[in-house]
Amino acid sequence: MNNFEFYSPTKVIFGKNVENNVGAEVKAWGGTKVLVHFGGSSAKTSGLLETAEASLRAAGIDYVLLGGVVPNPRLALVNEGIALCRSEGVDFILAVGGGSVIDSAKAIALGVKYDGDVWDFYDGLAEPKAALPTANILTLAAAGSETSEHTVITNENGWIKKGYGHTLCRPKFTMMNPELTYTLPAYQTACGIVDIMMHTLDRYFSPGGCNEMTDRIAEDVLKTVIQFGRIAMKNPVSYDARSEIMWAGSLSHNDLTGLGRAGDWAPHQLEHELSGYFDVAHGAGLAAVWGAWARYVYKADIMRFVRYGMNVWGLPMNYENPEETALEAIRVTEEYFTSIGMPITITELVGKEISDEVIAELTEKCTFFGTRTIGGLVILDKAEIADIYKAAR
Ligand code: NZQ
Ligand code: ZN
């Protein structure tokens with residue numbers, strides 16, 4: 001087990017109708033003027049936005065609204081939010097929505113307390129000294145942003161999608177009512193299932209010695225999401241399935257499933273270029289590249305893929321040829337993605353075969369214009385990244 005620090009301070013308030021109390025909770029955290037941040041239409045049509053507003057009013061808390069966050073949230077709206085918070089004297093941000101809304105809220109929170117361009121943080125040019133506190137009412141189990149320290153934003157100038165992580169981004173509290181996810185379209189539910197799996201897989205497939213406690217947590221998170229993912233796809237209003245998936249979504253990305261292990265994250269880095277370029281859903285993009293990545297790197301640790309196949313998918317071990325078990329584990333993972341309606345190639349993801357020129361651009365951006373490699377299980381350079389995109393094509 002490698003040395004690690006674990007800091008996951010977000011208060012989790014889970015269950016039916018918990019959002020009704022959001023005003024009192026914000027007040028308890030010291031919020032007096034709140035930016036309520038939300039997405040396109042779902043929070044309005046479900047009535048959730050009105051519920052949150054009513055609760056804030058009942059607690060005597062003043063607020064301003066800023067909607068319009070799109071999936072793969074944009075920098076322009078972040079800057080609008082920063083200006084609004086400053087002019088209105090906002091001291092607390094409440095995100096009502098999925099990962100995109102929460103990420104946008106975190107970016108605004110960082111930007112309000114910074115004199116320069118908030119994109120500096122994403123470019124690695126500055127470190128924040130302070131941020132406004134944020135909290136969220138979660139409506140989509142997927143990104144894990146409700147408890148994570150990360151924020152992922154797309155800069156329209158060049159369509160560069162970049163993530164940034166800092167302790168200051170950890171939300172003060174999250175309200176997680178599984179019933180709020182009943183209205184998700186099947187495609188978004190499936191994207192969420194993949195993303196949750198991938199937050200654990202990107203930690204699981206990385207270098208490290210004995211790390212049994214964490215590995216077993218990781219395998220159980222995966223088994224839970226796979227099992228209840230099937231149920232939620234068939235019965236979107238299953239409270240049990242939605243609950244298990246929602247809680248797994250947070251545990252999968254609050255660092256618990258990777259403690260003591262380095263982490264790989266290459267599939268995520270490969271995917272961020274796809275959703276930055278094609279504006280597709282993050283979870284679907286992950287499903288489209290994972291198999292190609294896995295087949296490219298599995299020989300670096302065949303027994304890890306064997307273990308995954310046996311413990312997560314219940315595969316029998318082929319003692320004479322463990323490699324076959326490893327490859328079977330990759331195959332059944334892709335089969336599962338297909339069964340929930342997810343793409344397993346980039347062609348399926350974007351509806352057409354992408355050209356070599358596009359692959360060259362994705363690769364260039366993925367290496368941050370030749371300044372980084374990606375991965376951990378196998379460190380991937382520019383040529384290898386291009387090979388994986390080609391294999392995923
Ligand atoms: O805009 P509205 O109308 O609300 O519709 C949203 C959106 O179109 C809809 N939706 C959300 N809740 C709903 C609902 N529709 C019906 N009923 C509900 N209850 O779902 C669509 C997708 O929402 P979005 O927030 O974009 O999805 P998700 O939660 O998957 O977030 C994706 C973003 O998170 C980033 C991704 O890259 C992507 O930009 N990630 C953030 C991470 C983090 N901060 O830690 C880690 C992840 O790896 C990921 O990169
Ligand atoms: Zn993700």
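Before reading on, note that the structure itself is shown above.
Note that the coordinates shown come from a computational prediction; the quantities given were computed from them, not determined experimentally.

Trainee: Run through the site of ligand 1, naming residues and quoting values.
Mentor: The full set close to ligand 1 counts 33 residues, and S42, G99, S100, D103 and H199 are the nearest of them. A distance of 3.0 Å separates a nitrogen atom of ligand 1 from a polar backbone atom of H150. The set of elements that each furnish at least two residues to the shell around ligand 1 consists of α5 (99-112), β6 (150-155), α7 (186-204) and α10 (266-278). Grouping the constituent residues of the shell around ligand 1 by class yields ten nonpolar, 20 polar and three charged. Both of domain 1 (11-180) and domain 2 (183-392) provide at least three residues apiece to the shell around ligand 1.

Trainee: Before we move on, could you go through the packing of aromatic side chains and cite the residues and values that matter?
Mentor: Under the counting rule described, the total for this entry stands at 17 aromatic pairs. Aromatic pair W290 and Y308: ring centres 6.4 Å apart, planes at 65 degrees, arrangement edge-to-face. Here the residue W290 occupies a position in helix α11 (residues 282-297), and Y308 occupies one in helix α12 (residues 302-313), the gap between them amounting to 18 residues. Through a chain of ring-to-ring contacts, three or more aromatic side chains come together here, namely Y204, F205, W290, W293, F305 and Y308. Of note, K162 hangs over the ring of F368, and the distance from its end group to the ring centre comes to 4.4 Å. Sitting above the plane of the F368 ring, R372 keeps its charged end 3.6 Å from the centroid.

Trainee: How would you sum up the coordination of the zinc ion (ligand 2)? Please name residues and give values.
Mentor: For the zinc ion (ligand 2), every protein donor is listed as D195 (OD), H199 (NE2), H268 (NE2) and H282 (NE2), and the spread of their distances is 2.0 to 2.2 Å. Between consecutive donor residues of the zinc ion (ligand 2), the sequence gaps follow D-x3-H-x68-H-x13-H. Residue H199 is found in helix α7, and its partner H282 is found in helix α11; the two are separated by 83 residues along the sequence. Residue class for H199 comes out buried when judged on its relative accessible area of 2%. Overall, H282 belongs to the buried group, its relative accessible area being 16%.

About the criteria used
Residues numbered from 1 in each chain as written. Chains lettered and ligands numbered in written order. Predicted model: local features only at pLDDT ≥ 70, side-chain atom pairs only at ≥ 80, totals over all residues. Heavy atoms only, no water. Near = heavy atom within 4 Å. Polar contact = N/O pair within 3.5 Å; in protein donor to acceptor, adjacent residues only side chain to side chain. Helix = DSSP H or I, 4+ residues; strand = E, 2+ residues; numbered from the N terminus. Nonpolar A, V, L, I, M, F, W, Y, C, P; charged D, E, K, R; others polar. Domains from an automatic or database assignment. Phe/Tyr/Trp six-rings, centres within 6.5 Å; stacked < 30°, edge-to-face > 60°. Lys NZ or Arg CZ within 6 Å of the ring centre and 35° of its normal. Donors = N, O, S within 2.8 Å, 3.2 Å for Na, K, Ca; no water. Buried < 20%, exposed > 50% of the residue type's maximum accessible area, 1.4 Å probe, protein only.

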